[in-house]
Amino acid sequence: MNSYIYSSDVAETANSWGSVFAMSVCAFALVASEFLPVSLLTPLAEDLGVTEGLAGQGIAISGFFAVLASLFISPLFGKLDRKTLLLGLTAVMGLSGAIVAFAPDYQMYMLGRALIGVVVGGFWSMSAATAIRLVPSHQVPRALAIVNGGNALATVVAAPLGAWLGATVGWRFAFFCLVPLALMALGWLWLSLPSMPATVQKNRPGQLFKVFALLKRPAVLSGFFASSLMFMGQFALFTYLRPFLETVTGVQGATISFYLLVAGATGFIGTVFISQLLHWRFYQTLIAIPLVMTLTALLLTLVGERSHAVLVLLGLWGLTATAAPVGWWAWIAQVFPDDAEAGGGLFVAMVQLSIALGSTVGGLLFDHSGYQSTFLFSAALLLISAGLTVITAPRADPMQQKVGSDD
C-alpha cells in the first residue's frame, strides 16, 4: 500500500497556495531558530556561565535530534493526520524559543535546542510530501521553491538581525522574538492547511527501518551521494567565510555583514527562479549548480585578496547554493511520489550529517593548512557531486526524466 494517495480535491482547493506560503513562514522561523546561536554565541555563553565551545554544542545537539526525527517521525506517527503533526511541530518550535529565552542554566538551554532539532527533522522531512498533496504534480517544484524561499530569507536577515537584537536588547529577547513568529505560522497553517489523513501501512517495529530500503531503487543511491557531496562541499566552504573575509579579503565589522547580506540576497533571488529552471531542464539544472559552485570556490582561492571580486563571487555562490536544496527536494518528490515522507526523512538525515561532516573537515583543513585547502576540498566535493548527478539522470525512470512537463 502506498504511503500516500494523491488527492486532487486537496490539491485544487483555494487554500492550497495559502498553505504553501504558511509553510514558507514556518521555514523562515525554523531556519532562524536553528542558526541564531551563531550570531549570539559570546553573550549567550557569558550569561550561562559556559565556554563558547559548550554554547556552540547547542547547534550540534539540534543537528543530532534532527537526524533522529527525520528518520523516525513518519513511521512513529504514521496514523496521525499530517495537518495535526505539522501544527504540533510548529507549536514545539515556539516552545523551544521560549525555553531558550528563559533558560536559567545550560541544561535548559540544551533542552530547548534539542526540541528545535526535532522540529527541523520533522518539518523538512515532511515538506516534499506535503507539497505533493497540496498542489498538482507539475507545480511541486514551484511550491518547494516558495517553501525554501523562507529558508533563503532567513539566511539574509536572521544573522545580522540576531546580532543587532543581541547588542541592543539582549540575546534572550532575540530568541523570544521567535515565539510570536512561530505562533503566526501556527495560526496561518491552522486556517489554510487542509486535513491530510495518512494512509500508512500498519506500524510494525521493522517499519522504522523501511526508509533504508528505499536506497535500492534505481538512481536513488547515486542521487543521494550526489546531493550529500553537494551539501558537504557547500558547508565546508560556507562555514568559514567569515574568517576568510577577515583574514584574507581584509574586510571588518559592518562590511562583513554586507558581504554576507549580498550572498543571502542573491540566494533569495535564486530560489525565486529555480522552479522555472527545473521545469525547463531538471537534471541539467541539478548538474549546473555544483559546477558553478566549484568554479566559484576555485576563483575565491585565486582572487581572495580582491574585495570587489570576492563580493561578486559571493553573490554567485549565494545564487546557486541557496537554490540547490529546492532542486534536490524536487528530486525527492519525483523519485518518491508514493513514499515522499520516508524519502524526505532519509534525505534530511543525510543533509544534516553532510553539513556536520563538511564543516568539521573544512575546519580542520582551515586551521592546519589554510583557507586554500578548505576551498579546494569544497571544490573537489562539488565537482564529484556534479559527476554523480550526471550518472543519476539517465538512470532515472523514463516517466521521471522530465519534471513538470505536464501543464
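Residues numbered from 1 in each chain as written. Predicted model: local features only at pLDDT ≥ 70, side-chain atom pairs only at ≥ 80, totals over all residues. Heavy atoms only, no water.

(A) Structural context of the overall build of the chain. In terms of regular secondary structure, the chain is built from 17 helices and zero strands. Counting every position in the chain, which comprises 407 residues, the buried fraction comes to 56%. Once local pairs closer than 6 in sequence are excluded, the contacts in the chain between residues at least 24 apart make up 85%. On the chain, roughly 16,900 Å² of surface is accessible, and the fraction owed to carbon and sulfur atoms is 70%. (Helix = DSSP H or I, 4+ residues; strand = E, 2+ residues; numbered from the N terminus. Buried < 20%, exposed > 50% of the residue type's maximum accessible area, 1.4 Å probe, protein only. Contact = heavy atoms within 4.5 Å. Areas by Shrake-Rupley, 256 points an atom, 1.4 Å probe, with all protein chains shown as cover.)

(B) Here's a closer look at the pattern of salt bridges. Under the counting rule described, the total for this entry stands at one salt bridge. A salt bridge links aspartate 47 to arginine 172; the shortest N-O distance between them is 3.0 Å. On the criterion of sequence distance, the pair formed by aspartate 47 in helix 2 (residues 16–48) and arginine 172 in helix 7 (residues 171–176) is long-range, its members being 125 residues apart. (Salt bridge = Lys/Arg side-chain N within 4 Å of Asp/Glu carboxyl O.)

(C) Just the side chain of threonine 389, in detail. In this structure, threonine 389 sits in helix 17 (residues 371–395). Excluding its chain neighbours within four sequence positions, the residues that come into contact with threonine 389 are Ala226, Tyr283, Leu286, Ile287 and Trp328.

(D) Representation of the packing of aromatic side chains. For the structure on display, the rule yields 16 aromatic pairs. Aromatic pair phenylalanine 244 and phenylalanine 375: ring centres 4.9 Å apart, planes at 50°, arrangement tilted. With phenylalanine 244 in helix 11 (residues 241–249) and phenylalanine 375 in helix 17, this pair connects stretches of sequence that are 131 residues apart. Considered together, phenylalanine 244 and phenylalanine 375 belong to a single accessibility category, that of buried residues. Their ring planes at 80° and their centres at 5.4 Å tell us that tryptophan 328 and tryptophan 331 sit as a pair that is edge-to-face. Note that tryptophan 328 and tryptophan 331 are positioned in helix 15 (residues 324–335) at a spacing of three residues, about one turn of the helix. With respect to class, tryptophan 328 is no different from tryptophan 331; both count as buried. Grouping aromatic residues by their ring pairs yields a cluster made of Phe224, Phe231, Trp328, Trp329, Trp331 and Phe347. (Phe/Tyr/Trp six-rings, centres within 6.5 Å; stacked < 30°, edge-to-face > 60°.)

(E) Just the packing of helix 12 (residues 254–280) against helix 14 (residues 307–321), in detail. Put simply, helix 12 and helix 14 touch, their axes get as near as 6 Å, and they point 35° apart. Our pair here, helix 12 against helix 14, has a crossing hand that is right-handed. Of the residues in helix 14, those touching helix 12 at Phe258, Tyr259, Val262, Ala263, Thr266, Gly267, Ile269 and Gly270 are Ser307, His308, Val310, Leu311, Leu314, Gly315, Gly318 and Leu319. Here the contact of helix 12 with helix 14 is composed, by residue class, of nine nonpolar, seven polar and no charged. (Axes fitted to C-alpha atoms, helices over the stretch in contact; angles between N-to-C directions. Left-handed = near helix turned anticlockwise from the far one by under 90°. Nonpolar A, V, L, I, M, F, W, Y, C, P; charged D, E, K, R; others polar.)

(F) Just the nonpolar core, in detail. Judged by nonpolar contacts, the single largest core of 97 residues is most densely connected at Phe123, Trp124, Phe224, Phe244, Trp331 and Phe347. Contacts of phenylalanine 244, omitting those with residues within four sequence positions, involve Thr249, Leu300, Gly304, Val310, Phe366, Tyr371 and Phe375. Membership of the second largest hydrophobic core comes to 20 residues, among which are Leu36, Ala45, Trp171 and Phe175. (Core = buried A, V, L, I, M, F, W, Y, C linked by side-chain atoms within 4.5 Å.)

(G) Highlighting the packing of helix 10 (residues 220–238) against helix 13 (residues 282–302). The N-to-C vectors of helix 10 and helix 13 enclose an angle of 25°; their axes lie 11 Å apart at closest approach. The angle between the axes of helix 10 and helix 13 places the two elements in the roughly parallel class. Here helix 10 runs over helix 13; the crossing is left-handed. Residues Met230, Gln234 and Leu237 of helix 10 pack against Pro290, Met293, Ala297 and Leu300 of helix 13. (Parallel < 35°, antiparallel > 145°, perpendicular 65-115°, else oblique.)

(H) Quick look at helix 5 (residues 106–134). A rise of 1.5 Å per residue sets the reference length of helix 5, with its 29 residues, at 42 Å; its end C-alpha atoms lie 41 Å apart and thus fit the reference within 8%. At serine 127, helix 5 shows its largest kink, close to 40°. Buried residues dominate helix 5, accounting for 24 of its 29 residues. Between a side-chain oxygen at the N-terminus of helix 5 and the backbone nitrogen of glutamine 107 the separation is 3.3 Å; the capping residue is aspartate 105. (Expected span 1.5 Å × (residues − 1). Bend = angle between axes of the 7 residues up to and from the residue. Polar contact = N/O pair within 3.5 Å; in protein donor to acceptor, adjacent residues only side chain to side chain.)

(I) Structural view of helix 14. Given a rise of 1.5 Å per residue, 15 residues ought to cover 21 Å, and the 20 Å separating the end C-alpha atoms of helix 14 matches this to within 8%. Three or more residues of helix 14 are buried, namely Val310, Leu313, Leu314, Gly315, Trp317, Gly318, Thr320 and Ala321.

(J) Structural context of a nonpolar patch on the surface. On the surface, Leu153, Phe268, Ile269, Val272, Phe273, Leu316 and Leu319 cluster together into a nonpolar patch covering about 540 Å² of accessible area. Elements supplying a minimum of two residues to the nonpolar patch: helix 12 and helix 14. For the nonpolar patch, the leading source of residues is helix 12, giving four residues. Here phenylalanine 268 is to be found in helix 12. The class for phenylalanine 268 is partly exposed, based on a relative accessible area of 32%. (Patch = residues over 30% accessible without salt bridge, like charges linked within 9 Å, V, L, I, M, F, W, Y side chains within 5 Å.)

(K) Here's a closer look at the environment of histidine 138. By the element assignment, histidine 138 lies in the loop between helix 5 and helix 6 (140–168). Since its relative accessible area comes to 26%, histidine 138 is described here as partly exposed. Sequence separation of histidine 138 and glutamine 334 is 196 residues, and the distance between their C-alpha atoms is 10.0 Å.

(L) Here's a closer look at the environment of threonine 247. Locating threonine 247 in the fold gives a position in helix 11. Classification of threonine 247 as exposed rests on a relative accessible area of 62%. Taking the C-alpha atoms as reference, threonine 247 lies 9.2 Å from glutamate 305; in sequence the two are 58 residues apart.

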